[in-house]
Amino acid sequence: MVQATVKTSVRELSPNTAEPIGLLLGEACLHLCHNRLLRLATQPVMLTLELVAVVLGVVYAPAVTFGAVVGMAAIFLLLVVLYLCWHGWFIHRNRRFKTLCLHCTSRMWQLCCARCRAPVPALALWLWGAFLTHCPHCGMRLSDRKRTLLAWCSTCLKSRDRPGQFYSKPTYVIVWMTIALPVEVKGGWQRLSQKGAQEMVLYNTSRAQSTCLMYISANYRGNELPIKEHLKGQLRLLLISNDVPEEHAHLIIGHRGPRTICERVDPLGRSDEF
Amino acid sequence: MNFDFLKDIFLSSRDLLAALSARWEVVAPLVATLFLLNQFAKIRRFASCLVFPALLLLARKLVLFIPVSGAISTEDRVLFWSPQAYWFFLALVAVHVLILLGIRFRAAIDWGAAGCWVFIAAPVGLYYATAALLPVSGASIIYMPVVSLVGVAKLLLVSPLLLPIAWLALFIQLGLVIFTRSEAGREVNKLALVSVLAGGLMYFGFQALDSKPAPLISQLQQTARTKSSDEEKITNFLEVWVEKLPQINRLGVNVIEKNLPAAYKPVEVKRLVDEVPDPWQSLWAKAAIPVALLCGAALLVLLLLVERLRVGDECDLTVSE
């Protein structure tokens, strides 16, 4: 009997380093129209009824109709302007914090529904989701607290809970060059991946001030940082164990970014926990 | 507690901003300064969105000089004393809208040979309408169609809403730059432009419904109706306009009328135009403000409440990666 073995090649995704862009006016109006009441009001049948009502109102009570139409239009425009302003601030903050996907290190700023995994507009975060509480696609009730609204990476399709907290913190990259990887990790650090005995990737999202992505590498002989090129600008801390030879440490330090803090630290023991 | 002081502050601020906007010494340097700031790459990100509202303030001053045949205009109003001229410009605006729609939906429309006929008929129709409807004659008919096309831009821009929208947009942009560093400035400017054009269209369109024109307009309309021969029409429109430019700048009113009633001096005309009741304001004053506030608040509450209703299938999910 011949067994066919299927080989799946795992292609590494190129991280998306593009920055988020602001909303257009039409997009902001479209996002607001995901609101249940506005979605109902913009159905063709309802629009026809509304037009008939306005025409009748203009004939029998022009002042009241005028006031009603102007009042409602003014509130809608006000919401559009406020949402545009908030979204611009959200994007500006995201660019400043450079939030990264912890899996593929792509830039991350989007949201998705936990059930259907379809993208959800940022309106779901504005004012704690007051104007968009339900997924526009499946109707699922979105909640940051109940983990039904997720932060979503459009590159690797991974998601994270608590998007409000996740996007409100900067993502820092830490590199630790040592001669041996730690055996166990704790203190809020979670193991993300490990490449044999050479490299380990950890993350920590429990800190209030930042989200940290740590690369621990025992491959100091390569004289290179174990991170991709686009992360070097976000490298906050470069730790080099004291047992790493000076000539290698010097070459590794040369690769650091302009805002990287560099420290020599005590080496980890064999059974050390981190 | 007496809140009259808030009303006084609002009215004083409004008058102050109106007075500032009326002066060339304020508006022109403001625009020039913002253009200059735009030349520096570091500041351009913040200054670029402030330029548009400042340009709106400058445009308000500049469009006063654009002549519209058959109308009296100030910085905030364009009032037609010639009914025929009004219908001419109404048709011109409608044709512009149709052209824009035709361009927008050109993929869906198979023009065929009709497109060529439109290109031929349009200018012919324009010249015929100019000769028949506008209070001009002689050599003026040759260039008045082009002048009228520029006049359409003035009709869509000029309204009492232009000044408050421009200042509001300027303050919003300043707020965005200073407090939020938001990048919504371009969209706010788009919204401001759409609002200005909608306001201009609203005021221009309402004149068709205005069955009781102000005494000045009635007087001039009466004069227009008694004109039975071409001798009463202006044959050298642009020459008269050039002659009146200093007066337009000094008095803030643009009227090119061959036989302006003797009782109405230019200063008097400006005062009477300012006293012409704003038709939308009178409609607004008829209990529309409380209705607008009530309906706006009701819509906001309903938007929030309907969204919170538990209607669909909901469940708690535990996120696992």
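Participant: Could you give me a rundown of the overall build of chain A, with the residues and numbers involved?
Facilitator: The helix and strand inventory of chain A stands at six helices and 10 strands. Relative to the compact-globule value of 19 Å for 274 residues, chain A shows a C-alpha radius of gyration of 26 Å, a clear excess of over 25%. Within the span of chain A, comprising 274 residues, buried residues form 47% of the whole. Sequence separation of at least 24 residues holds for 62% of the intrachain contacts in chain A that already meet a minimum separation of 6. Entry remark: accessible area of chain A is about 14,200 Å², with carbon and sulfur atoms responsible for 59%. Side chains of chain A carry 31 positive and 17 negative charges; the gap between the two charge centres is 10 Å.

Participant: Tell me about helix α1 (residues 25–32) of chain A, and please be specific about residues and values.
Facilitator: By the burial criterion, the buried members of α1 of chain A are Leu-25, Ala-28, His-31 and Leu-32 of chain A. Down the axis of α1 of chain A, the sector holding all buried residues measures 125°, keeping them to one side. The inward-facing, buried residues of α1 of chain A abut α2 (36–41) and α4 (62–97) of chain A together with α8 (185–206) of chain B.

Participant: Any details on the packing of aromatic side chains? Residues and values, ideally.
Facilitator: Under the criterion given, the structure shown has 14 aromatic pairs over all chains. On the numbers, 5.2 Å between centres and 55° between planes, the contact of Tyr-86 of chain B with Phe-204 of chain B is tilted. Of this pair, Tyr-86 of chain B sits in helix α4 (residues 83–104) while Phe-204 of chain B sits in helix α8, and the two are 118 residues apart along the sequence. Taken together through their ring pairs, the aromatic side chains of Tyr-83, Trp-86, Phe-90, Trp-126, Phe-131, Phe-166 and Tyr-167 of chain A make up a single cluster. One residue, Arg-160 of chain A, lies across the ring of Phe-166 of chain A, its end atom 5.9 Å from the ring centre. The side chain of Arg-236 of chain A reaches across the aromatic face of Tyr-172 of chain A, ending 4.4 Å from its centre.

Participant: Account for the sheet that holds strand β1 (residues 71–73) of chain B, with residues named and values stated.
Facilitator: All names here are of chain B. With antiparallel pairing, the three strands of this open sheet are ordered in space as β2-β1-β3. Bordering the open sheet on either side are β2 (78–80) and β3 (254–255), each of which pairs with just one other strand. Judged from the three bridges that link them, β1 and β2 form a sheet pairing that is antiparallel. For Ile-72, the partnering residue across the bridge sits in β2 and is Leu-79.

Participant: Requested: an account of the interface of chain B and chain A, with residues and values cited.
Facilitator: Facing 39 residues of chain B, the contacting portion of chain A comprises 44 residues. Where chain B abuts chain A, roughly 4,000 Å² becomes buried across the two surfaces, and 66% of that area is made up of carbon and sulfur atoms. Scanning the region where chain B abuts chain A turns up zero salt bridges. Inspection of the chain B/chain A interface yields eight residue pairs in polar contact (both at pLDDT 80 or more). Within the residue set of the side of chain B that touches chain A, elements represented by two or more residues are α7 (162–180), α8, α12 (279–285) and α13 (288–308) of chain B. Class assignment for the residues of the side of chain B that touches chain A results in 22 nonpolar, four polar and 13 charged.

Participant: Quick one: what's the story with the packing of helix α3 (residues 44–60) of chain A against α4 of chain A, residue by residue and with numbers?
Facilitator: Residues and elements named next belong to chain A. Where α3 meets α4, the closest approach of the two axes is 6 Å, and the angle between their N-to-C directions is 140°. Taken together, the axes of α3 and α4 lie oblique to each other. Counted together, Val-54, Gly-57, Val-58 and Tyr-60 of α3 and Pro-62, Thr-65 and Val-69 of α4 form the full contact between these two elements.

Participant: Residue-level account of the pattern of salt bridges, with values.
Facilitator: Residue and element names in this part refer to chain B. Inspection of every chain in the model, using the stated rule, returns 11 salt bridges over all chains. The salt bridge involving Glu-75 is made with Lys-61; its shortest N-O contact spans 3.2 Å. Separated by 14 residues along the polypeptide, Glu-75 in the loop between β1 and β2 and Lys-61 in helix α3 (residues 41–62) bring together distant segments of the chain. By relative accessible area, Glu-75 is classed as buried at 15%. Glu-187 is paired through a salt bridge with Lys-190; the nearest N and O atoms lie 3.3 Å apart. Taken together, the residues Glu-187 and Lys-190, both in helix α8 and three residues apart, mark about one turn of the helix. The class of Glu-187 is buried, set by a relative accessible area of 2%. Several salt bridges share partner residues, and in doing so they unite Arg-60, Lys-61, Glu-75 and Asp-76 into one network.

Participant: Go over the confidence of the model for chain A, please, and point to the residues and values.
Facilitator: Residues and elements named next belong to chain A. Per-residue confidence for chain A gives a mean pLDDT of 85, with 93% of residues at or over 70. In this model residues 1–9 is a low-confidence stretch, pLDDT under 50, and it forms zero contacts with partners more than four residues away in sequence or in other chains. Here residues 270–274 is a poorly scored stretch, pLDDT under 50, and it has 16 contacts once near neighbours within four places are set aside; other chains count.

Participant: Give me the side chain of Asn-35 of chain A: which residues, what numbers.
Facilitator: Mapped onto the secondary structure, Asn-35 of chain A falls in the loop between α1 and α2. Here Asn-35 of chain A falls in the buried class, since its relative accessible area comes to 0%. Among the polar contacts listed, one links the side chain of Asn-35 of chain A to the backbone oxygen of Leu-303 of chain B, at a separation of 3.4 Å.

Each value, and the rule that gives it
- Residues numbered from 1 in each chain as written.
- Chains lettered and ligands numbered in written order.
- Predicted model: local features only at pLDDT ≥ 70, side-chain atom pairs only at ≥ 80, totals over all residues.
- Heavy atoms only, no water.
- Helix = DSSP H or I, 4+ residues; strand = E, 2+ residues; numbered from the N terminus.
- Rg over C-alpha atoms; globule rule 2.2 N^0.38 Å.
- Buried < 20%, exposed > 50% of the residue type's maximum accessible area, 1.4 Å probe, protein only.
- Contact = heavy atoms within 4.5 Å.
- Areas by Shrake-Rupley, 256 points an atom, 1.4 Å probe, with all protein chains shown as cover.
- Lys, Arg positive; Asp, Glu negative; His and termini not counted.
- Charge placed at Lys NZ, Arg CZ, Asp CG, Glu CD.
- Arc of directions from axis to C-beta.
- Phe/Tyr/Trp six-rings, centres within 6.5 Å; stacked < 30°, edge-to-face > 60°.
- Lys NZ or Arg CZ within 6 Å of the ring centre and 35° of its normal.
- Pairing = 2+ DSSP bridges.
- Buried area = accessible area lost by both parts, 1.4 Å probe.
- Salt bridge = Lys/Arg side-chain N within 4 Å of Asp/Glu carboxyl O.
- Polar contact = N/O pair within 3.5 Å; in protein donor to acceptor, adjacent residues only side chain to side chain.
- Nonpolar A, V, L, I, M, F, W, Y, C, P; charged D, E, K, R; others polar.
- Axes fitted to C-alpha atoms, helices over the stretch in contact; angles between N-to-C directions.
- Parallel < 35°, antiparallel > 145°, perpendicular 65-115°, else oblique.
- pLDDT = per-residue confidence, 0-100.

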